[in-house]
2 protein chains.
Amino acid sequence: MLLEERLNEILCILEQKRTVTVQELTEILNASESTIRRDLTVLHRKGLLVKVHGGATVIGINYSTKDDDVATRQDLNRDEKIHIARYAAELVQANDFVYIDAGTTTELLIDFLTEKKAIFVTNGINHAKKLVQRGFTCYLLGGELKLSTEAVIGSEAIFNLQKYNFTKGFWGTNGVSLQRGFSTPDINEAMTKKESMKQTKEHYILCDSSKFNQISPVSFALFTEATIITTNVQDEQYKKLKNVKEV
Amino acid sequence: MLLEERLNEILCILEQKRTVTVQELTEILNASESTIRRDLTVLHRKGLLVKVHGGATVIGINYSTKDDDVATRQDLNRDEKIHIARYAAELVQANDFVYIDAGTTTELLIDFLTEKKAIFVTNGINHAKKLVQRGFTCYLLGGELKLSTEAVIGSEAIFNLQKYNFTKGFWGTNGVSLQRGFSTPDINEAMTKKESMKQTKEHYILCDSSKFNQISPVSFALFTEATIITTNVQDEQYKKLKNVKEV
DNA sequence: TCAAATTTGCTCAAATTAAATCACAAAAAT
DNA sequence: ATTTTTGTGATTTAATTTGAGCAAATTTGA
């Protein structure tokens, strides 16, 4: 295994797990402790991760005692999100033309994609970068870039969407409700989601359990218009619905 | 097997696998280690892959252990580039509609921009991010994202360019020559530069002194078609020309 | 707080890989 | 026909990477 390959792997693993121990890495990568330590040192020096006693964490994670609750909570949903993302990734098949909406949940999806014959379009610049780095063919949607979400949204984005005919698409959401469907706080974001869904045949909403019965200011689709991929559904009334896929 | 054929094959294999070892290539291509090594060196020099210990990786995944060299190289002409970028930034006025081409020299330009009333379009995703973070209105060009340059290039990018009418535009270049004009190694990149220049009224090429009398494989503009912003010109024959602005 | 357990950074030797050199054959130019 | 150029493979030498061992530093648990 190439040194670079290993470094890359470490970053991928870290991206998913947020933290990793030296021990885990020696097993996964089949290398000695010395090697892993050296690798971590290199990546640490390059500012691509943070070395901590016993392993490494992604940059920016804050494990101070006060934030313990927040960190734990984030990690909790993270496992859910990984589950959801992994399942969703399997839905992508050869020759699919896939739209991936900007957002943290859909970003995870990219880590689990395997079908190199599919073509992807996204409005998230980080998503695009990640897709290309993983070797997928990826088109970036043109239009105005908004800082808050690092996504391309707005009227030009909507215009540019109109030429595409996607076979499948994946979206995140801030709220899910039977009455109000899927909703998000920003109107431009909502309009972009709406237009991209219009151009897509099969709609998948990735959504962890915390989003159910939440309503954000602007709705972008009816509840029945998409298949919801989720996990750990609490509310019984959602369990029975055929467009709710619990994984 | 022909040399060209082998080089091509290596690039194809790399495109799929992202990384490859010398050992693997000797087996797949049925050639000796020496040959494979030579091939990799050629492709590395051409900038089509990155040689690493034990094999090669695609461009863009750069976790190379010796970033010292890269950092040094980038810093080499940094003072020159800063000079050039600062001057170029002053050219942008209120109500300008500005195109900024992807590339390291143009990225520096963004740091010195002040005119918030101008609107920017770029094909570089890092450029776009930086612009938005600095509070400018920025549109990202739609199209296929290439890993090597982190830029949007190709036919769709060219199509999307056609609707714009820029007042000013800034480009980088790999080579400047009186006979061959401005040139760059990649054809898609060249075509995108060419099209964006077509849609722009005033053309500025940012270029440090090392680029003079260099010729890259594909030309994207005649020498007379743009104003060159540069510094420290060695060659006397360029000094007199009125479209060479030495700062 | 202190001792035990774990983790770290270091050196060194072994293994692997890179680069340089030489030899040879085929193709191209003279 | 002969010289030059180009491509290939083998060999040797230099450089890099790797894994193990060990003392020092850190963390853990009583």
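Our structure's up above, just so we're on the same page.
Conventions adopted
- Residues numbered from 1 in each chain as written.
- Chains lettered and ligands numbered in written order.
- Predicted model: local features only at pLDDT ≥ 70, side-chain atom pairs only at ≥ 80, totals over all residues.
- Heavy atoms only, no water.
- Pairing = 2+ DSSP bridges.
- Helix = DSSP H or I, 4+ residues; strand = E, 2+ residues; numbered from the N terminus.
- Axes fitted to C-alpha atoms, helices over the stretch in contact; angles between N-to-C directions.
- Disulfide = S-S within 2.5 Å.
- Buried < 20%, exposed > 50% of the residue type's maximum accessible area, 1.4 Å probe, protein only.
- Core = buried A, V, L, I, M, F, W, Y, C linked by side-chain atoms within 4.5 Å.
- Near = heavy atom within 4 Å.
- Polar contact = N/O pair within 3.5 Å; in protein donor to acceptor, adjacent residues only side chain to side chain.
- Contact = heavy atoms within 4.5 Å.
- Parallel < 35°, antiparallel > 145°, perpendicular 65-115°, else oblique.
- Nonpolar A, V, L, I, M, F, W, Y, C, P; charged D, E, K, R; others polar.
- Buried area = accessible area lost by both parts, 1.4 Å probe.
- Salt bridge = Lys/Arg side-chain N within 4 Å of Asp/Glu carboxyl O.
- Lys, Arg positive; Asp, Glu negative; His and termini not counted.

1. Let's talk about the sheet that holds strand β8 (residues 151-153) of chain B
And step 1. In spatial order, the strands read β15(A)-β14(A)-β12(A)-β9(A)-β4(A)-β5(A)-β6(A)-β7(B)-β8(B); together these 9 strands make up an open sheet with mixed pairing. Only two strands of the sheet have a single partner each, and these edge strands are β15 (244-246) of chain A together with β8 of chain B. Pairs of neighbouring strands in the sheet enclose a mean axial angle of 30°, with direction left out of account.
And step 2. Taken together, the 3 bridges between strand β4 (residues 97-100) of chain A and strand β9 (residues 166-171) of chain A define a ladder with parallel strand orientation. Following the sheet pairing, I100(A) is matched in β9(A) by F170(A).

2. Re the state of the cysteines
Residues and elements named next belong to chain A.
And step 1. Taken as a whole and judged by the stated rule, the model has 0 disulfides over all chains.
And step 2. Free of any disulfide, C12 has its nearest cysteine sulfur in C138, 16 Å distant.
And step 3. Note on C12: relative accessible area 28%, which makes it partly exposed.

3. Quick look at the nonpolar core
And step 1. Counting residues in each nonpolar core, the largest one holds 121 residues, and the members touching the most others are L113(A), F120(A), F170(A), L113(B), F120(B) and F170(B).
And step 2. Element by element, the count of residues in this core is highest for helix α4 (residues 68-90) of chain A, at 5 residues.

4. Description of the protein's contact with DNA strand D
And step 1. Near DNA strand D, the surroundings consist of 16 residues, among which T35(A), R38(A), R6(B), T35(B) and R38(B) are the closest.
And step 2. Backbone atoms, meaning sugar and phosphate, make up 60% of the atoms of DNA strand D lying within 4 Å of the protein.
And step 3. Contact distances for DNA strand D include 3.0 Å between a phosphate oxygen and a side-chain N or O atom of S32(A).
And step 4. Take T35(B): an N or O atom from its side chain is 2.5 Å from a phosphate oxygen of DNA strand D.

5. Regarding unusual backbone geometry
Residues and elements named next belong to chain A.
And step 1. Phi at N30 takes a positive value of approximately 60°, unusual for a residue other than glycine.
And step 2. Looking at the element boundaries, N30 is found in the loop between α2 (22-29) and α3 (33-45).
And step 3. Residue N30 is classed as exposed on the basis of its relative accessible area of 71%.

6. Concerning the sheet that holds strand β1 (residues 19-21) of chain B
Residue and element names in this part refer to chain B.
And step 1. As summarised here, the arrangement of the 3 strands in space is β1-β3-β2, forming an open sheet in which the pairing is antiparallel. The sheet is open, and its two borders are formed by β1 and β2 (50-52), each paired with just one other strand. Within the sheet, the average angular offset between the axes of one strand and its neighbour, ignoring direction, is 25°.
And step 2. Judged from the 3 bridges that link them, β1 and strand β3 (residues 55-57) form a sheet pairing that is antiparallel. Paired with V20 across the bridge in β3 is A56.
And step 3. Helix α1 (residues 3-17) rests against β1 and β3 of the sheet, and its axis sits at about 125° to β1.
And step 4. Running over the sheet, helix α2 (residues 22-29) touches β1 and β3 and is turned about 75° from β1.

7. A word on the environment of G175(B)
Residues and elements named next belong to chain B.
And step 1. Inspection of the secondary structure assignment puts G175 in strand β10 (residues 175-177).
And step 2. For G175, a relative accessible area of 0% translates into the label buried.
And step 3. Each C-alpha atom, one on G175 and one on F212, is 6.3 Å from the other, the two residues being 37 residues apart in sequence.
And step 4. Contact partners of G175, with chain neighbours within four places excluded, come to G181, F182, S183, K211 and Q214.

8. A word on the packing of helix α1 (residues 3-17) of chain A against α3(A)
Residue and element names in this part refer to chain A.
And step 1. Axis separation between α1 and α3 bottoms out at 10 Å; the angle between their running directions is 75°. With respect to α3, the axis of α1 lies roughly perpendicular. Contacts between α1 and α3 involve L3, R6, L7, I10 and L11 from the first element and T35, D39, L40, V42 and L43 from the second.
And step 2. Tallied by class, residues from the contact of α1 with α3 come to 7 nonpolar, 1 polar and 2 charged.

9. Let's talk about the interface of chain B and chain A
And step 1. On the chain A side, the residues contacting the 40 residues of chain B number 36 residues.
And step 2. With both sides pooled, the region where chain B packs onto chain A buries about 3200 Å², and carbon together with sulfur makes up 60% of that total.
And step 3. Our enumeration of links across chain B and chain A arrives at 4 salt bridges.
And step 4. Between chain B and chain A we count 16 residue pairs in polar contact (both at pLDDT 80 or more) in total.
And step 5. Counting residues per element, the ones that place at least two in the side of chain B that touches chain A are β1, β3, α7 (125-133), β6 (137-140), β7 (143-146) and α8 (155-161) of chain B.
And step 6. Considering every element that reaches the side of chain B that touches chain A, the biggest residue donor is α7(B), with 6 residues.

10. Some points on the side chain of K81(A)
Residue and element names in this part refer to chain A.
And step 1. With respect to the element layout, K81 can be found in helix α4.
And step 2. Buried within the structure, K81 lacks any salt-bridge partner; its nearest side chain of opposite charge belongs to D208, at an N-O separation of 4.2 Å.
And step 3. Excluding residues within four positions of it along the chain, K81 makes contact with T104, T105, L108 and D208.

11. What to know about the protein's contact with DNA strand C
And step 1. Lining the immediate surroundings of DNA strand C are 15 residues, of which R37(A), G54(A), R37(B), K51(B) and G54(B) lie closest.
And step 2. The sugar-phosphate share of atoms of DNA strand C within 4 Å of the protein amounts to 93%.
And step 3. Within the side chain of R37(B), one N or O atom sits 2.2 Å away from a phosphate oxygen of DNA strand C.
And step 4. The contact in question runs from a sugar or linking oxygen of DNA strand C to an N or O atom on the side chain of H53(B), over 3.3 Å.
And step 5. Grouping the amino acids of the surface near DNA strand C by side-chain chemistry returns 4 nonpolar, 6 polar and 5 charged.

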